[in-house]
Amino acid sequence: MIQKISRFGSVVFALVFLISCNEENDKEDAVASVSKNGSIETVVSVEHADSADILVTRHKVWVKNSLAREIIKRDTIPVLGDTVVSVSNNGNDVKQTVKKDYEFYITVQ
């Protein structure tokens, strides 16, 4: 009897695990719209140039539902190099060289 229960539990666990692996991960902290009654909206991006990458940081300061100030800062940072990716073109896989992208880790205090 205990073996039947443990086998059943194992099968149920495996099915739940497989189903959870197929679900898309929703971004828990994703915001649909920005509150404009006293907030700072920040966008961080990297623009690829020939000899260097450019880190662009944009801040929009919202006060009482109006844009009080927009701050844009640009810094040059080293290029990470190139990587090769496969791109599907009419059913044919084509190798294409693209610049590597930086990963972003942001801490808010």
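Residues numbered from 1 in each chain as written. Predicted model: local features only at pLDDT ≥ 70, side-chain atom pairs only at ≥ 80, totals over all residues. Heavy atoms only, no water.

Engineer: For this particular structure, what's the right way to read unusual backbone geometry?
Structural biologist: Glycine aside, residues mostly have negative phi, and peptide bonds are mostly found in the trans state. Residues other than glycine seldom take positive phi values, yet lysine 64 does so here, at roughly 50°. Looking at the secondary structure, you find lysine 64 in the loop between strand S2 (53–63) and strand S3 (66–77). If you check the backbone angles, asparagine 65 has positive phi at about 65° while not being a glycine. Relative to the helices and strands, asparagine 65 resides in the loop between S2 and S3. Exposure remark for asparagine 65: the relative accessible area of 57% places this residue in the exposed category. (Helix = DSSP H or I, 4+ residues; strand = E, 2+ residues; numbered from the N terminus. Buried < 20%, exposed > 50% of the residue type's maximum accessible area, 1.4 Å probe, protein only.)

Engineer: What is the right way to look at the side chain of aspartate 53 in this model?
Structural biologist: By the secondary structure assignment, aspartate 53 is in strand S2. Within the buried core, aspartate 53 has no salt-bridge partner, and the shortest N-O distance to an opposite charge, that of lysine 99, equals 5.3 Å. Looking at aspartate 53, its side chain comes within polar contact range of the side chain of histidine 48, at 3.1 Å. Apart from the residues lying within four places of it in its own chain, the contact partners of aspartate 53 are Val46, Glu47, His48, Asp75, Thr76, Ile77, Pro78, Val79, Leu80, Lys100 and Tyr102. (Lys, Arg positive; Asp, Glu negative; His and termini not counted. Salt bridge = Lys/Arg side-chain N within 4 Å of Asp/Glu carboxyl O. Polar contact = N/O pair within 3.5 Å; in protein donor to acceptor, adjacent residues only side chain to side chain. Contact = heavy atoms within 4.5 Å.)

Engineer: Explain the confidence of the model for the chain to me, please; I cannot follow it from the model alone.
Structural biologist: Close inspection of predicted coordinates is inappropriate for parts of the model with low pLDDT. Residues at a pLDDT of 70 or more form 73% of the chain, whose mean pLDDT is 80. Averaged pLDDT values for the elements of the chain fall to 55 in helix H1 (residues 2–22) and rise to 95 in S3. (pLDDT = per-residue confidence, 0-100.)

Engineer: Which parts of the structure should I look at to understand the sheet that holds S3?
Structural biologist: Think of a sheet as strands paired side by side through backbone hydrogen bonds, with each pair either parallel or antiparallel. Taken in spatial order, the three strands make up an open sheet running S1-S2-S3, and their pairing is antiparallel. Each having just a single partner strand, strand S1 (39–48) and S3 make up the two edges of the open sheet. Averaged over neighbouring strand pairs, the angle between their axes works out to 15° when direction is ignored. (Pairing = 2+ DSSP bridges. Axes fitted to C-alpha atoms, helices over the stretch in contact; angles between N-to-C directions.)

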